[in-house]
Amino acid sequence: MKQHISLERYNNHFYSLQPDTFEDLRYFVEFLSTDYRNHDQKLFNQAISFYNSSFVYHDFSHDFLYIGFSEWEIKTEIPVPCDHAFPDYVHEMNSCKIDVENFKNFVIKWTTLKKKLSPFAIIYRNDSDLIDCKAFNSKEEMELFIKNY
Amino acid sequence: MFGFNFFKNKQSEFELCSTHECEHATRPRGAHCNYQGIFLQPYQPKLLATDICNLKDFLLSNPSGSGLTKLSTVFPEEWSPAEITTRVLEAISSENKKIVPMHRFGILKIVAYTQDQIEIIIFYHIEKKSLALFYPNFQE
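Residues numbered from 1 in each chain as written. Chains lettered and ligands numbered in written order. Predicted model: local features only at pLDDT ≥ 70, side-chain atom pairs only at ≥ 80, totals over all residues.

### Things to note about the pairing of strand β4 (residues 97-102) of chain B
Residues and elements named next belong to chain B.
Right, so step 1: Where β4 meets strand β5 (residues 107-113), six bridges bridge the pair, whose relative direction is antiparallel. Residue pairing for β5: Met-102 is matched across the bridge by Ile-107.
Right, so step 2: Between β4 and β5, which pair antiparallel one after the other, the connecting turn spans four residues, and Gly-106 there sits at a positive phi close to 70°. (Pairing = 2+ DSSP bridges. Helix = DSSP H or I, 4+ residues; strand = E, 2+ residues; numbered from the N terminus.)

Shown next as structure tokens:
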């Protein structure tokens with residue numbers, strides 16, 4: 001796998017076990033933990049969607065979503081970028097780039113995974129650059145999977 | 001101590017972009033308190049969903065009529081700004097919480113619970129030692 005984030009369940013959501021790494025997948029994890037809604041369709045239909053502390057930019061010409069953290073929500077000195085400026089604002093360092101089809105497949109799997117109530121999970125980018133997830137019943141099991149991948 | 005952008009849009013209700021020296025309207029920010037159902041009226045709130053704890057997701061619009069929106073999860077309407085602050089401080093002081101550092105942004109993300117088990121997301125600014133943002137976490 002190219003990248004991974006180990007996660008631990010805390011009640012209804014999963015949070016990162018790797019606090020010091022902030023690779024692009026982390027933006028995705030943050031979005032899933034507080035801002036993603038199963039019924040949300042607007043991120044597929046609109047170029048820009050703002051949430052509590054995340055944003056999603058949909059690049060329709062290449063069918064990619066860029067999911068990032070809305071830094072202006074925590075720092076009032078940072079201006080909110082307007083929609084005209086947004087395509088220039090977004091890049092692969094301040095957001096997680098994911099193919100739209102990959103996102104749709106991922107959230108189906110993620111929703112099922114969450115229902116299983118497993119205490120650990122990883123979100124990872126596989127060798128084909130697709131983002132995937134897997135649940136585990138123990139931290140050791142998760143670490144073994146990562147080691148043997 | 002607190003930046004109150006989570007209660008009301010701190011800047012002008014017609015906040016303009018200054019990133020590219022343009023004067024385009026921007027999407028709302030903050031705005032998680034809707035005390036007595038009136039605090040968010042300038043944003044023409046549209047109810048999107050209600051969760052199992054009776055928390056509500058609203059779609060808020062920039063008051064300029066530009067159609068620029070943001071999803072905001074809102075504290076119960078009977079909670080005043082002072083009550084929200086009190087409950088957040090109670091939650092953050094309790095033992096039942098999870099702390100996730102986000103060093104890139106100089107903040108801690110804290111997941112904590114009020115006494116009536118409402119999950120709250122709190123962003124704590126490490127250097128300023130202040131609360132940067134807090135809002136209730138919608139449960140699906």
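### Description of the sheet that holds strand β1 (residues 3-10) of chain A
Residues and elements named next belong to chain A.
Right, so step 1: If you trace the four strands from one edge of the open sheet to the other, you get β2-β1-β7-β8, paired in antiparallel fashion. The outermost strands of the open sheet, each flanked by one partner alone, are β2 (13-16) and β8 (131-136). For this sheet, the mean inter-axis angle between neighbouring strands, taken without regard to orientation, is 30°.
Right, so step 2: Bridge analysis of β1 against β2 gives four bridges, and the strand direction is antiparallel. What sits directly across from Tyr-10, in β2, is His-13.
Right, so step 3: Helix α4 (residues 100-115) rests against β7 (120-125) and β8 of the sheet, and its axis sits at about 10° to β8. (Axes fitted to C-alpha atoms, helices over the stretch in contact; angles between N-to-C directions. Contact = placed C-beta atoms within 7 Å.)

### Regarding the environment of Ser-54 of chain A
Residues and elements named next belong to chain A.
Right, so step 1: Within the secondary structure layout, Ser-54 lies in strand β4 (residues 54-59).
Right, so step 2: The class of Ser-54 is buried, set by 23 C-beta atoms lying within 10 Å.
Right, so step 3: When the C-alpha atoms of Ser-54 and Asn-105 are compared, they prove to be 20 Å apart, with 51 residues separating the residues in sequence.
Right, so step 4: When residues no more than four places from it in sequence are discounted, the contact partners of Ser-54 are Glu-30, Phe-31, Asp-35, Ile-67, Gly-68, Phe-69 and Ser-70. (Buried ≥ 20, exposed ≤ 12 C-beta atoms within 10 Å, placed from the backbone.)

### Re the domain arrangement of chain B
All names here are of chain B.
Right, so step 1: For chain B, the domain assignment lists domain 1 (4-17 + 30-74) and domain 2 (81-136).
Right, so step 2: The interface of domain 1 with domain 2 comprises eight residues on the first partner and seven residues on the second.
Right, so step 3: Residues of the side of domain 1 that touches domain 2, tallied by class, amount to six nonpolar, two polar and no charged. (Domains from an automatic or database assignment. Nonpolar A, V, L, I, M, F, W, Y, C, P; charged D, E, K, R; others polar.)

### Considering the nonpolar core
For soluble globular proteins, nonpolar side chains are generally found buried alongside one another.
Right, so step 1: Within the largest apolar cluster, 71 residues are counted, with the highest numbers of intra-cluster contacts made by Leu-7, Phe-28, Ile-67 and Ile-123 of chain A together with Ile-122 and Phe-134 of chain B.
Right, so step 2: Split by domain, this core shows at least three residues from each of two domains, domain 1 (4-17 + 30-74) and domain 2 (81-136) of chain B. (Core = buried A, V, L, I, M, F, W, Y, C linked by C-beta atoms within 7 Å.)

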